[in-house]
Amino acid sequence: MPSVTSSGIPIEVRRSAKRRRTVNAAFRDGKAVISIPGHFTTAEESEWVQRMVARLEQRTAQTRRPDPKNLGDELAARAAELSRSYLGGAARPVSVRWVSNQNSRWGSATPARGTIRLSDKLQGMPGWVVDYVLLHELAHLIEASHSPAFWRLLESYPHTETAKAYLQGAAYASARGLAGAMGEDQGAEDTDEEGPGS
């Protein structure tokens, strides 16, 4: 039985005497956690762990394939919502779009033109991380530099520090050629299935 998923995420199997028939799988705390009934044999455990890990990976792959036709509209709507929620609607970009030519930055803004560009490398990252980058660029439309006034604009966003740390980790991994899905922000949808004898 593998100890990591095909994308390198550690697998943790949890046996429970209370669990009678269902098998559950979810990404939690950077691991693929598979919960099985305590009475499962080693063969049943191996079969169900492999099956549920495959389902988790399939679900993750499906959620990371957005429709490119709708991305621009969704991004503009999200920018407007973030501006209203955290900047009192003061940031009003003329355009917000994904770009594939930003290799050293997650996003950029041109205040004079009111444009925001986000690196397509953000696609598939947790929504709160993308929101942080988008909000960061929206704040640049108000305050161009990284002055104390700029950082005050981001104080009300609850995930600022966590998102910055996440992006630093992603940049570190990318610079070293490390690949693999990060299990954060997954697990909101657990995968359950009935085990044998159900």
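Before reading on, note that the structure itself is shown above.
The notes below deal with the structure included here. None of the values given here were measured: they were computed from a predicted structure. (Residues numbered from 1 in each chain as written. Predicted model: local features only at pLDDT ≥ 70, side-chain atom pairs only at ≥ 80, totals over all residues. Heavy atoms only, no water.)

Structural notes on the overall build of the protein chain
Rules: Under the DSSP-based scheme used, a helix requires at least four consecutive residues in state H or I and a strand at least two consecutive residues in state E, with every element numbered from the N terminus. The classification of residues rests on relative accessible area computed with a 1.4 Å probe and restricted to protein chains. Under 20% of the type maximum is buried, over 50% is exposed, and intermediate values are partly exposed. The contact definition used throughout considers only heavy atoms, calling two residues in contact when any of these lie within 4.5 Å. For the accessible areas, the method is Shrake-Rupley and the probe is 1.4 Å, while residue cover comes only from the protein chains on display.
Secondary structure assignment for the protein chain yields five helices and seven strands. Taken from N to C terminus, the helices and strands of the protein chain fall in the order β-β-β-α-α-β-β-β-α-α-α-β. Counting every position in the protein chain, which comprises 198 residues, the buried fraction comes to 38%. Residue pairs at least 24 apart in sequence account for 53% of intrachain contacts in the protein chain once pairs closer than 6 positions are excluded. Approximately 11100 Å² of the protein chain is accessible, and the part contributed by carbon and sulfur atoms is 49%.

A few points about the side chain of Ser-108
Inspection of the secondary structure puts Ser-108 in strand 5 (residues 107–110). Here Ser-108 falls in the buried class, since its relative accessible area comes to 6%. Beyond its immediate chain neighbours, meaning those up to four positions away, Ser-108 contacts Gln-102, Thr-115, Ile-116, Arg-117 and Glu-137.

Structural notes on the nonpolar core
Applicable threshold: Each nonpolar core is a collection of buried residues, namely Ala, Val, Leu, Ile, Met, Phe, Trp, Tyr and Cys, held together in the definition by side-chain atoms within 4.5 Å.
Leu-118, Met-125, Leu-134 and Leu-138 are the most contacted members of the largest nonpolar core, which has 27 residues in total. Those elements that place two or more of their residues in this core are helix 2 (68–87), strand 6 (115–119), helix 3 (127–142) and helix 5 (160–175). The biggest single contributor to this core is helix 3, with ten residues. Sequence-distant contacts of Leu-138, defined by excluding residues within four places in its chain, comprise Ala-79, Leu-82, Ser-83, Leu-87, Ala-91, Pro-93 and Ile-116. Core analysis: the next-biggest nonpolar cluster, separate from the first, contains 14 residues, Ile-36, Val-49, Val-53 and Leu-56 among them.

Some points on the packing of aromatic side chains
What counts here: To pair, rings of Phe, Tyr and Trp, with the six-membered ring standing in for Trp, must have centres within 6.5 Å; the planes then decide the type, stacked if under 30 degrees apart, edge-to-face if over 60, and tilted in the middle. Charge over a ring is defined by NZ of Lys or CZ of Arg lying within 6 Å of the ring centre and within 35 degrees of the ring normal.
In total, this model carries three aromatic pairs according to the counting rule given. Between Trp-128 and Tyr-166 the ring centres are 5.7 Å apart and the planes differ by 75 degrees, which places this aromatic pair in the edge-to-face class. Placement of the pair is Trp-128 in helix 3 and Tyr-166 in helix 5, with a sequence separation of 38 residues. Residue classification places Tyr-166 among the buried positions, given a relative accessible area of 12%. In this structure, Lys-164 packs its charged tip against the face of Trp-151, placed 4.4 Å from the ring centre.

Considerations on helix 5
Our working definition: Here the expected span of a helix is defined as 1.5 Å times the quantity of residues minus one. The arc in question is traced by the directions running from the helix axis to the C-beta atoms.
Here helix 5 spans 22 Å end to end across 16 residues, near enough to the 22 Å set by a 1.5 Å rise per residue. Taken as a whole, helix 5 has its buried residues at Thr-160, Ala-163, Tyr-166, Leu-167, Ala-170 and Ala-173. Considered in projection along helix 5, the buried side chains sweep an arc of 155 degrees and stay on one side of the axis. With respect to the buried face of helix 5, the exposed residues turned more than 90 degrees away are Glu-161, Gln-168 and Ala-175.

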